[in-house]
Each structure stands twice: as C-alpha cells, then as structure tokens.
Amino acid sequence: MTATPVPDDGAAAPWGTAEFTERLRAVAEDRYHDRHPFNVRMHEGELTPSELRRWIANRFHYQRHIPVKDALILAKFDEPALRRVWVRRIQDHDGTAVGQGGIERWLRLGEAAGLERPRLWDASRVLPGVRLAVEGYVNFCRLRPVLDAVAASLTELSAPGLMRTRIAAFERYYPWIETEGLAYFRTRIGQGGRDSAEALALVQGWARTREQQERAVAALTFKCEVLWALLDAVDRASDTVPTGASASAGVSGAAAGVGALPRAPGTSSAVPGDASALVSGQASGDALSLASEWASGDASPGAVPPGPSDHSAAPRVPGPAGGPP
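What comes next is a walk through the structure. Since the structure is predicted, the reported quantities are computational estimates derived from the model, not experimental observations. (Residues numbered from 1 in each chain as written. Predicted model: local features only at pLDDT ≥ 70, side-chain atom pairs only at ≥ 80, totals over all residues. Heavy atoms only, no water.)

A short note on the packing of helix 1 (residues 17–31) against helix 12 (residues 210–236)
When two helices pack together, their arrangement is given by the angle between the helix axes and by the axis-to-axis distance. Let me state the cut-off plainly: Lines fitted to the C-alpha atoms define the axes, with helices restricted to the stretch that makes contact. Angles between their N-to-C directions range from 0 to 180 degrees. Where helices and strands are cited, they refer to DSSP runs of H or I of at least four residues and of E of at least two residues respectively, numbered from the N terminus. Reported orientations rely on four angle classes, namely roughly parallel under 35 degrees, roughly antiparallel over 145, roughly perpendicular from 65 to 115, and oblique for the rest. In what follows, residue pairs with any heavy atoms lying within 4.5 Å of each other are defined as contacts. In this classification, the charged set is Asp, Glu, Lys and Arg, the nonpolar set is Ala, Val, Leu, Ile, Met, Phe, Trp, Tyr, Cys and Pro, and all remaining amino acids, among them Gly, are polar.
At a minimum axis distance of 10 Å, the contact between helix 1 and helix 12 shows a crossing angle of 10°. For the element pair helix 1 / helix 12, the angle class is roughly parallel. Taking contact as the criterion, the partners of Phe 20, Arg 23, Leu 24, Val 27, Ala 28 and Arg 31 in helix 1 are, on helix 12, Gln 213, Ala 216, Val 217, Leu 220, Thr 221, Cys 224, Glu 225 and Trp 228. Here the residues of the contact of helix 1 with helix 12 sort into 9 nonpolar, 2 polar and 3 charged.

Following this line, the structure appears as structure tokens:
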C-alpha cells in the first residue's frame, strides 16, 4: 500500500477505494475465526463428539440471532431498494415457510449430531461467554450507525472459504454426522459470497472520509473479536459443568464470569482503525469492555461519531441489486 497524502488542514485524506478494500480484506483474512485453535482442531479432525456437540449447541445461539441483527440493520435504511435487498438475509435464515431457512438447517445439523431440538432452543444452557458475545454484537447493530453495522457483517468475505474447509473436514473426520446435516454449510457458500459483495459495495460508497473508513475497519475488527470470544467460551468450557449454570440470570458485563475477548495469536493490542474508538471513552483495545457495554446496552448512542448522516445521506443504490452507488 502506498502512503496517503495529508491535506493542508491536517486531516488525513481518505484511502483510495483499492487501498480501503485491501485494509478491510486484511482484517478478515488476519483475524477471522478460522484461525482460532478450536476451529483448527475441528478442521483437523481432533474434536471429540462431545466437543463438537457443544459447539453446535452454543453456536446455535448466534445463528438464531442473525435475523435479529439483520432486522435492526434493515430498520436503519431509508431507501426501499436497500430494504428489499437486506430483507433477503432475514429470509435466508428464517425461511419463507415452516421447515425452510438457515435456522432450520442448523437444527437439522444438531439432529444429525445427536442433539434434540429442545436442547438447541434452550437458551438457559448457553455458555455465559457465548451469550455475552452474541448480545454484544446484536446491541452493536442496534446502537451503531448503519455504516458500522454493515461493515461488521463483512466477516462474510471469509465465510465461503471456511464453509468449504468445514464441509471437507466433516465428511472426512466426522462421518458419524449424517451428510444431510451439512446442508447449512453448503448453502452459506453461495449466500456468503453474495452477501459480502453487496455489503462491501455499500461500505465503499458510504465511507467517504478517512474517519468513516477507519470506523468501518474498526467495526469489522470488533466483529472478528466477537467470533473469537464465542469460540473461546466453547473451547474453555467443561462438559462436566452444566452450561446454563450462570447463564440463566443473563449477562451483565464481567459478572457472567467471562475473560477478556481474545485476540488472534501474534496480534498486538492495537487494532486497525482503533476498535477502542467504537465505544466513547475507551482508551484501550480491551474487547471485553467493548462487548460488555454493547451487551448491557449501556453504550450511549449519543457518544457515537456521526456516520454518513448516518443513513439518510447514504448514496442511492440503483435498483434492487444492491450494487455500488
């Protein structure tokens, strides 16, 4: 990447589209949860049936909230064309009829692994760390400007590759899981590629200043750390302790007994675009503080830097394709 010139007024000039896109992709490539030790062990066939079921059950808490966060994002759009594009994401997970959609496919994955549906729907058995991560992300999408919320979804840039790796690993190492249970992973290859292309076009069009671009990079970094936190909770859990022991009371920051959200091995505490700036007053990159505020709803929307007006001034997207403005 080439050096970016600094304007006379002292403010850094915005990155060009290519450099901005490269920075976003670098976050997804360097910090995506495919590098987490639990995912690495999964893809190398080293998980026990108990560990795999624990992941399926707790990850479902995230899966069932995907359409919730997408509904919160959709509500920020002023343009009918944008809402028509984004509502498809909700339909992808909820389905348009009973027995359809990504949530249904994840339930079938659980059944293929020997988990009954009531076990998956029982939120009281979700690990506290998973609850904290999911609630933090949902409230992030609820409270942040539309640019930040859409940028956080760009973890989808890495999703198709992860799905292909996961399918191959399950077929090779976990043949006890019925093949029909892998339908969720297969479907997300195409959906993830489409969704990431649409979201990237929006973020490229909306982030016109350096401050907006850095916020987008920081939002994507935050989302990567949320996914890492979820896997950390699953990885550290003991199958001898009921997962709902402290989850039934809900999550309120560190009271749930969760350690700091992790960073990818080898990364520094400084994050691209300074993710600490996502919450007003944060002086460090402590992701636990970030997630705790968003999970509890204590973060003040008024303390958030304004976005590109933050959605009323978003560039118009011609037609329902959701392409670049």
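Observations concerning the pattern of salt bridges
Basically, it comes down to this: Here, a salt bridge means any Lys or Arg side-chain nitrogen found within 4 Å of an Asp or Glu carboxyl oxygen. Any residue under 20% of the maximum accessible area for its type is buried, any over 50% is exposed, and the rest in between are partly exposed; the area is computed with a 1.4 Å probe on protein chains only.
This structure, assessed with the given rule, holds 19 salt bridges. Residues Arg 41 and Asp 235 are paired through a salt bridge, measuring 2.9 Å at the closest nitrogen-oxygen approach. In this pair, Arg 41 sits in helix 2 (residues 37–43) while Asp 235 sits in helix 12, placing the two residues 194 residues apart along the sequence. Relative accessible area serves as the criterion here: at 27%, Asp 235 is assigned to the partly exposed category. A salt bridge links Asp 148 to Arg 215; the nearest nitrogen and oxygen atoms lie 2.5 Å apart. In this pair, Asp 148 is assigned in helix 9 (residues 146–152) and Arg 215 in helix 12, connecting sequence segments 67 residues apart.

Thoughts on the side chain of Glu 51
Its place among the elements puts Glu 51 in helix 3 (residues 49–63). Classification of Glu 51 by relative accessible area gives buried; the value is 15%. The residues touching Glu 51, leaving out its near neighbours within four places in the chain, are Phe 38, Arg 41 and Glu 46.

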